[in-house]
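Structural characterization, general
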2 protein chains.
Amino acid sequence: MPRHALRDGLRVEAGKRPHLGRTDPRDTLGLSGKDEAADVVARCSERLEALQSLLASEDRRSLLLVLQGMDASGKDGVARALCGAMNPMILRMAAFGVPTKPELRHDFLWRIARELPERGRVGLFNRSHYEDVLVVRVDGLVPEETWRPRYGQIARFEERLAETGTTVVKVMLHISRDEQLERLRERAQDPLKRWKFSADDLRKRDRWDAYMAAYEDAIEATGTEDAPWYVVPADRKWARNALVLEILTHVLEGMDLPEPPPPEGLPPGFLPGT
Amino acid sequence: MPRHALRDGLRVEAGKRPHLGRTDPRDTLGLSGKDEAADVVARCSERLEALQSLLASEDRRSLLLVLQGMDASGKDGVARALCGAMNPMILRMAAFGVPTKPELRHDFLWRIARELPERGRVGLFNRSHYEDVLVVRVDGLVPEETWRPRYGQIARFEERLAETGTTVVKVMLHISRDEQLERLRERAQDPLKRWKFSADDLRKRDRWDAYMAAYEDAIEATGTEDAPWYVVPADRKWARNALVLEILTHVLEGMDLPEPPPPEGLPPGFLPGT
């Protein structure tokens, strides 16, 4: 099977409910191992380098990649893989943690809108407005009459972004509960990983099923043709990175970015033969 | 000669004036070629990975790397090399272009202060407040009675940062005028590099000597023990990246970052044998 068909298998059809319990987080989508994954990463990185330049030259549209996933599912790892592939002056990253007091004095999309990528740029959200229908819902931080309407508010927000030139892609990194335990233990034990460890992650881990249900609801309610969700198996880091780079490459290819015109007004002699 | 001695040779002594005209931009500081440079990058990246974790765990101090250099001297390239070496959630990058109207309604350090790295983080400035004594001075954008006092204002600003926990390191990427011409031609000719090309770069190029004098003045006036300048030869990209990573590793090593204490309050059974 060609790779694009495999990668397309990760895309959740608009309006469909994913069945996370029946999706294997150890799946590699046909990648035979680390070597093949490294080849995919190298090939995609080369394409991404070219595509980001065309995006910047065109200076008209932008791309937003939203990364979601349970703790230790690899959001930072993917961000790092993207950094290696793209010019940091084009890639704009934002991480969304617990909202600050000033942020809480606005509606939940206010802080999100402030971090949107400008024209010609790729935005990467490490967590996002989806936390407002995930942790906020599972922990009951606001009543249902507040979080329930957010699905529609998010869908309309993203629809407007798509209409005004920002292609939106949403990726859920799908890790298994067992693999998460391994990684959290490693964070607690390894002094070099301890800065990432929070005892609060263990509490969230206890509500795994509620989180999975909230993810399924969010993906079902906000997956559209213009702002689709991809569920990426994330137990194997090498497969996870290769798959996200493949998705991003595919999306940028689909934007049909034009080659820029030659520069004008150069002084004679600047270019050889002029 | 051991590598640290070579690298230390790039450091401009506090209060000393560098002689850029007598510093060879093609120097590799003892690196024999791309292979050895790649080894240095790999070794430094591994150390930086550990050091950034300790910095984040300590959560008390921060590091600011200021990158300056003429157009096409490789500021983006260095930023990219650092991205590959450090977790993007710890590395905070900011680029400073032509000031916006709201920025111009404040003093020149206002926009800089807003982008300083928080505790536990590494900040990377792609251009900086030094533009306010470089292009601003060379192009006469403000009168001398405005730019002249800025040297002292910058030195006092950086002194305060050092005192309050931010280690400041300033790097000038030193490219030759010939190498810059090659790179600007490539940007104009290669469709994939064209987004970086600006005809304005050619105008600045015509005032090369004035820029070098302005750099020498800035380095002489603001180089201190606590916030030193390094002049890094930048005609060879592989040497440039390896040298900046060596400097950064050296600076972080010098911060004597402590190993974090083990986490407390873990539930029984979470870690094996508990």
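Please read these numbers as outputs of a predicted model, since none were measured by experiment.

**Focus on helix H11 (residues 208-222) of chain A**
- In this model, H11 of chain A (15 residues) spans 21 Å end to end at C-alpha, consistent with the 21 Å of a helix rising 1.5 Å per residue.
- Among all positions of H11 of chain A, only Trp208, Tyr211, Met212, Ala214, Tyr215, Glu216, Asp217, Ala218, Ile219 and Thr222 of chain A are buried.

**Focus: the relation of the copies chain A and chain B**
- Each copy of the sequence occupies a distinct position, and chain A is placed on chain B by a rotation of 180 degrees and an axial shift of 0.0 Å, giving an RMSD of 0.0 Å. Taken together, the rotation and translation relating the two chain copies correspond to the operation of a two-fold axis. Nearest to the rotation axis, the C-alpha of glycine 84 of chain A is located 2.6 Å from it, this being the minimum over chain A.
- Same-surface contact between copies: 100% of interface residues of chain A are shared with the interface of chain B.

**As for the interface of chain A and chain B**
- Chain A puts 44 residues into the contact, and the matching count from chain B is 44 residues.
- Contact with chain B buries surface across chain A, with Arg80, Trp195 and Phe270 of chain A losing the most and accounting together for 21% of the total.
- Our enumeration of links across chain A and chain B arrives at two salt bridges.
- One salt bridge in this structure joins glutamate 49 of chain A and arginine 80 of chain B, with 3.0 Å as the shortest N-O distance.
- If you look at where chain A meets chain B, you find 14 residue pairs in polar contact (both at pLDDT 80 or more).
- The set of elements that each furnish at least two residues to the side of chain A that touches chain B consists of helix H2 (34-58), helix H3 (75-85), strand S3 (91-95) and helix H9 (177-189) of chain A.

**Here's the deal with the pattern of salt bridges**
Residue and element names in this part refer to chain A.
- All told, the structure shown has 48 salt bridges over all chains when counted by the stated rule.
- Measuring nitrogen to oxygen at the nearest pair gives 2.8 Å for the salt bridge that ties arginine 203 to aspartate 200. Highlighted residues: arginine 203 and aspartate 200, both in helix H10 (residues 200-205), separated by three residues, approximately one helical turn.
- Salt bridges sharing common partners tie together Arg17, Arg137, Glu216, Asp217 and Glu220.

**Some details on the sheet that holds strand S3 (residues 91-95) of chain B**
Residue and element names in this part refer to chain B.
- The strand order across the open sheet built from six strands is S1-S6-S5-S2-S4-S3, with neighbouring strands paired in mixed fashion. Lying at the two open borders of the sheet, with one neighbouring strand each, are strand S1 (11-12) and S3.
- Seen against the sheet, helix H12 (residues 237-253) touches strand S2 (62-69), strand S5 (166-174) and strand S6 (229-233) and runs at an angle of roughly 155 degrees to S6.

**Observations regarding the pairing of S6 of chain B**
Residue and element names in this part refer to chain B.
- With respect to burial, S6 is a largely interior element, five of its five residues being buried.
- Here S6 shows a buried face lined by Trp229, Val231 and Pro233 and a second buried face lined by Tyr230 and Val232.
- Direction of pairing for S1 relative to S6: antiparallel, over a ladder of two bridges. Across the sheet, valine 12 pairs through a bridge with tryptophan 229, a residue of S6.
- Across five bridges, the pairing between S5 and S6 is parallel. Its bridge partner being in S6, methionine 172 is matched across the sheet by valine 231.

**Thoughts on the pairing of strand S2 (residues 62-69) of chain A**
Residues and elements named next belong to chain A.
- Among the eight residues of S2, eight are classified as buried, and the element is accordingly described as predominantly covered.
- What you see with S2 is no split at all: Ser62, Leu64, Val66 and Gln68 on one side and Leu63, Leu65, Leu67 and Gly69 on the other are buried throughout.
- Summarising the sheet, S2 and strand S5 (residues 166-174) pair through eight bridges and their orientation is parallel. In the sheet register, leucine 63 faces S5, and the bridge partner there is threonine 167.
- Across five bridges, S2 lies against strand S4 (residues 122-126) in parallel orientation. The residue of S4 that forms the bridge with leucine 65 is leucine 124.

Definitions and cut-offs
Residues numbered from 1 in each chain as written. Chains lettered and ligands numbered in written order. Predicted model: local features only at pLDDT ≥ 70, side-chain atom pairs only at ≥ 80, totals over all residues. Heavy atoms only, no water. Helix = DSSP H or I, 4+ residues; strand = E, 2+ residues; numbered from the N terminus. Expected span 1.5 Å × (residues − 1). Buried < 20%, exposed > 50% of the residue type's maximum accessible area, 1.4 Å probe, protein only. Least-squares fit on C-alpha atoms with pLDDT ≥ 70 in both. Contact = heavy atoms within 4.5 Å. Buried area = accessible area lost by both parts, 1.4 Å probe. Salt bridge = Lys/Arg side-chain N within 4 Å of Asp/Glu carboxyl O. Polar contact = N/O pair within 3.5 Å; in protein donor to acceptor, adjacent residues only side chain to side chain. Pairing = 2+ DSSP bridges. Axes fitted to C-alpha atoms, helices over the stretch in contact; angles between N-to-C directions.

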